[in-house]
Amino acid sequence: MFVGEIAALGTACLWGLSTYMHTNAAKLIGAWPLTLCRTPLVLFYNICIALVIGAEWVFPSQSIGWILLSGVLGLGIADTLFYEGCTRIGARTGSILWQMTPCVTAVIAFFTLGESLTLLNIAGMLIIIFSVISITTKNDEQTDSPVDPKEWHYGFKLVLLSVLALGLSHVCIRKGLSYGLDPLMGSILRIAAAASCAWIAAAVMGYHHKITERKDNMAKAMKIIFVASFVGTTLGNWVALFSMKYAKAGIAASLISLTPLAIIMITAVHEKKTPSSRVVLGILTACGGSALLFM
């Protein structure tokens, strides 16, 4: 009973913990080195899972291009921009901004895939947008802002760009999976594309040495990445699919969108940063908007 709902809450906690840990790793070694280290590791985890469960390695030809593109946009560009931004504005504020991703995805899917948007969906989108704006535009002591306002605004813009890239990635995933591709095979293909492009781009631009620039922090960062990559990108994604299977889409989506609240709780415990009632209320309101959007 309530298996799907419990799984959705578990997803929010797993993703919240993973986001918080990855942000701390990015602060130690940088966002690009994080991507260079994280994507091959996540690929290894997913291949191991596929081998253990005996998954069929079938890739419909129509799916491949869309899934590869989604991997570059989502796990490559979007994640790198997100964690680069979070090093400036913090994991809490960054994750709150990421709540607008379903809105961006829905709008792009409306124009490219012909998916419908009801008045209820549009109302949900507006609730999410206004809730996020109400939380993030008031830069008070409850936000994760650094001393320099220019750095904060730069990080803010980077996360917004990551939202756009992730929205495009989600639309590509939907298109790719529509041809019958197994989600696990799609995940492996996405991660392989992201890892390959990240390393090729680093080599071409001469940035591959950045992975060894902060040698003193690398060992500590890798310990975090090993755990966070399994907790969030691997285990968290599987639990999310489980929740979508056994709970209604609107309920599952609204519970999963509690991820920023999970990050706030983790930050409150680990860094002794108590959230304001305004921030908590804004996140809960945005979750209500997510429920309307996915109805």
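Definitions and limits used
Position numbers for residues start from 1 in each chain and track the written sequence from start to end. Under the rules for a predicted model, residues below a pLDDT of 70 receive no local features and side-chain atom pairs below 80 are neither given nor counted, while totals for whole chains, interfaces and linings still include all residues. As a rule here, side-chain values cover all heavy atoms of the structure and leave hydrogens and water aside. UniProt positions are given in the numbering used here, feature names are shortened, and annotations may be inferred rather than shown by experiment. Comment: elements are numbered from the N terminus, with helices defined as DSSP H or I runs of at least four residues and strands as E runs of at least two. By convention a nonpolar core is built from buried Ala, Val, Leu, Ile, Met, Phe, Trp, Tyr and Cys residues, the set being connected through side-chain atoms within 4.5 Å. Only protein chains enter the calculation, and the probe is 1.4 Å; a residue is then buried if its accessible area is under 20% of its type maximum, exposed if over 50%, and partly exposed in between. Throughout, a contact is declared for two residues whenever any of their heavy atoms are within 4.5 Å. Here the aromatic set is Phe, Tyr and Trp, taking the six-membered ring for Trp, and pairing holds for ring centres within 6.5 Å; pairs whose planes are under 30 degrees apart are stacked, those over 60 apart are edge-to-face, and all others are tilted. Between N-to-C directions, angles span 0 to 180 degrees; the directions come from axes that are lines fitted to C-alpha atoms, helices contributing only their stretch in contact. Here the word oblique covers every angle except those under 35 degrees (roughly parallel), over 145 (roughly antiparallel) and from 65 to 115 (roughly perpendicular). Each residue is assigned to one class: nonpolar for Ala, Val, Leu, Ile, Met, Phe, Trp, Tyr, Cys and Pro, charged for Asp, Glu, Lys and Arg, and polar for all the others, Gly among them. The span you would expect from a helix comes to 1.5 Å times its residue count less one. Across the chain, bend at a residue is computed as the angle between axes fitted to the seven residues ending at that point and the seven starting from it. For every residue, the predictor assigns a confidence score, pLDDT, that lies between 0 and 100. Whenever two N or O atoms come within 3.5 Å, that pair is a polar contact, provided that in protein one can donate a hydrogen and the other can accept it, and provided that, for residues adjacent in sequence, both atoms are side-chain atoms.

Per an unreviewed UniProt entry, the protein chain goes by the name EamA-like transporter family protein and belongs to Halodesulfovibrio marinisediminis DSM 17456. Regarding the protein chain, the relevant UniProt record gives this comment under Sequence similarities (unreviewed entry): "Belongs to the EamA transporter family." In its Subcellular location (unreviewed entry) section, the UniProt record describing the protein chain reads: "Membrane".

Visitor: I would appreciate a short explanation of the UniProt feature "domain: EamA" (unreviewed entry) in the protein chain in the present structure.
Guide: The positions UniProt marks with the feature "domain: EamA" (unreviewed entry) are residues 4–136 and 155–294. End-to-end, the C-alpha atoms of residues 4–136 are 31 Å apart, and along that stretch the chain is 86% helix and 0% strand.

Visitor: Whenever I open this one, the nonpolar core confuses me. Can you help?
Guide: In a soluble, globular protein the nonpolar side chains are often hidden away together inside. Grouped together as the largest cluster of nonpolar side chains are 44 residues, with contacts concentrated most on Leu-97, Ile-225 and Ile-283. Per-element accounting of this core gives the leading share, seven residues, to helix α1 (residues 3–29). Apart from the residues within four sequence positions on either side, Ile-283 is in contact with Ile-96, Gln-99, Ile-135, Pro-260, Leu-261 and Ile-264. Counting residues in hydrophobic clusters, the runner-up holds 13 residues, among them Ala-50, Ala-55, Leu-75 and Ala-194.

Visitor: How should the packing of aromatic side chains be read in this particular structure?
Guide: Given two aromatic rings, one states the distance between the centres and the angle between the planes to describe the pair. The final tally for this structure, using the stated rule, is six aromatic pairs. An angle of 50 degrees between the planes, with centres 6.2 Å apart, marks the rings of Phe-44 and Tyr-45 as tilted. Ring centres of Phe-110 and Phe-111 lie 5.1 Å apart, and the angle between their planes is 85 degrees; this geometry places the pair in the edge-to-face category.

Visitor: Is there a simple way to think about the environment of Ala-123 in this case?
Guide: The topology assignment puts Ala-123 in helix α6 (residues 119–136). The sequence separation of Ala-123 and Ala-252 amounts to 129 residues, and the corresponding C-alpha distance is 18 Å.

Visitor: So what exactly am I meant to see when it comes to the packing of helix α11 (residues 259–270) against helix α12 (residues 277–293) here?
Guide: Two packed helices can be described by the angle between their axes and the distance between those axes. Relative to each other, α11 and α12 sit at 155 degrees, their axes nearing to 9 Å. On the basis of the axis angle, α11 is roughly antiparallel to α12. Mapping the contact onto sequence places Pro-260, Leu-261 and Ile-264 in α11 and Val-279, Val-280, Ile-283 and Leu-284 in α12. Tallied by class, the residues present in the contact of α11 with α12 amount to seven nonpolar, no polar and no charged.

Visitor: Please clarify how helix α3 (residues 61–89) should be interpreted in this entry.
Guide: One turn of the α-helix equals 3.6 residues, which is why residues spaced by three or four share an orientation. Compared with an ideal rise of 1.5 Å per residue, which puts 29 residues at 42 Å, α3 spans 41 Å between its outermost C-alpha atoms and is within 8% of the ideal. The sharpest bend along α3 comes to roughly 30 degrees, located at Ala-78. Just beyond α3, the residue with positive phi is Gly-90, at close to 95 degrees.

Visitor: Any chance you could explain the confidence of the model for the protein chain here in plain terms?
Guide: Interpretation of this model should avoid reading the predicted coordinates in detail wherever pLDDT is low. Taken as a whole, the protein chain shows an average pLDDT of 85; of its residues, 92% reach a score of 70 or greater. Averaged over each element, pLDDT in the protein chain is lowest for helix α10 (residues 249–256) (71) and highest for α3 (93).

Visitor: Quick question: what am I supposed to make of the side chain of Asn-121 here?
Guide: Locating Asn-121 in the fold gives a position in helix α6. Under the relative-accessibility criterion, Asn-121 is labelled buried at 6%. A distance of 3.1 Å separates a polar side-chain atom of Asn-121 from the backbone oxygen of Leu-292. Not counting residues within four places of it along the chain, the set of residues in contact with Asn-121 comprises Ser-116, Leu-292, Leu-293 and Met-295.

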